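Summary of the model geometry
For reference, the chains in residue letters:
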Amino acid sequence: MHVYLQQHLGGSEPVRFVRLTLQPDLFGCWELLRESGSPGRRSQLRVTQFEQADQAQHAFERERDALLTRQFQILSHPLLP
């Protein structure tokens, strides 16, 4: 599961993006990857591991909803199906 969000604050503020990815790992656990930054610049990657799929899904939705309240908008991404 993937979601790509961008924040346009206008003026001289750079565009910010966040990509959230929820995926299983090789050991039967789940990883929530959060990549953030500005396009064309260095980004940060944070990985959080969960033992249960429902915990990971809840964390994904909570993170997405928090970003939407901070004026991020969900966009389609060319690398996503």
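Throughout what follows, the structure given in this document is the object of discussion. (Residues numbered from 1 in each chain as written. Predicted model: local features only at pLDDT ≥ 70, side-chain atom pairs only at ≥ 80, totals over all residues. Heavy atoms only, no water.)

Observations concerning the overall build of the protein chain
Along its length, the protein chain carries one helix and five strands. Along its sequence from the N terminus, the protein chain presents helices and strands in the succession β-β-β-β-α-β. Taken over the C-alpha atoms alone, the protein chain extends approximately 45 × 25 × 25 Å along its principal axes. Evaluated residue by residue, the protein chain yields a buried proportion of 32% over its 81 residues. Here the protein chain contributes 9 positively and 9 negatively charged side chains, and the mean placements of these two sets differ by 10 Å. (Helix = DSSP H or I, 4+ residues; strand = E, 2+ residues; numbered from the N terminus. Buried < 20%, exposed > 50% of the residue type's maximum accessible area, 1.4 Å probe, protein only. Lys, Arg positive; Asp, Glu negative; His and termini not counted. Charge placed at Lys NZ, Arg CZ, Asp CG, Glu CD.)

Observations concerning the sheet that holds strand 1 (residues 2–7)
Spatially, five strands are ordered 4-3-2-1-5 in an open sheet, and the strand pairing comes out antiparallel. Edge strands, defined here as strands with exactly one partner in the open sheet, are strand 4 (44–50) and strand 5 (73–75). Strand-to-strand twist in this sheet, taken as the mean axis angle between neighbours without regard to direction, amounts to 25°. (Pairing = 2+ DSSP bridges. Axes fitted to C-alpha atoms, helices over the stretch in contact; angles between N-to-C directions.)

Re the pattern of salt bridges
Tallying each qualifying case throughout the model produces four salt bridges. Between Asp65 and Arg64 there is a salt bridge, with its nearest N and O atoms 3.1 Å apart. For Asp65, a relative accessible area of 37% corresponds to the partly exposed category. Note on Arg64: relative accessible area 23%, which makes it partly exposed. A single network of salt bridges, built from pairs that share partners, joins Arg34, Arg46 and Glu63. (Salt bridge = Lys/Arg side-chain N within 4 Å of Asp/Glu carboxyl O.)

Here's the deal with the pairing of strand 4
Looking along a regular strand, one sees the side chains alternate between the two faces of the sheet. Across seven bridges, strand 3 (residues 30–37) lies against strand 4 in antiparallel orientation. Bridging from a neighbouring strand, Leu33 pairs with Val47 of strand 4. Between strand 3 and the antiparallel strand that follows it, strand 4, lie six residues; Gly40 among them carries a positive phi value of about 85°.

Here we look at the environment of Arg46
Residue position: Arg46 is located in strand 4. Arg46 sits in the partly exposed class, given a relative accessible area of 42%. Note: C-alpha distance between Arg46 and Leu26 (20 residues apart in sequence) is 18 Å. With near-sequence residues (within four places) excluded, Arg46 lies in contact with Leu32, Leu33, Arg34 and Glu63. A polar contact is formed between the side chain of Arg46 and the side chain of Glu63, at a distance of 3.4 Å. (Contact = heavy atoms within 4.5 Å. Polar contact = N/O pair within 3.5 Å; in protein donor to acceptor, adjacent residues only side chain to side chain.)

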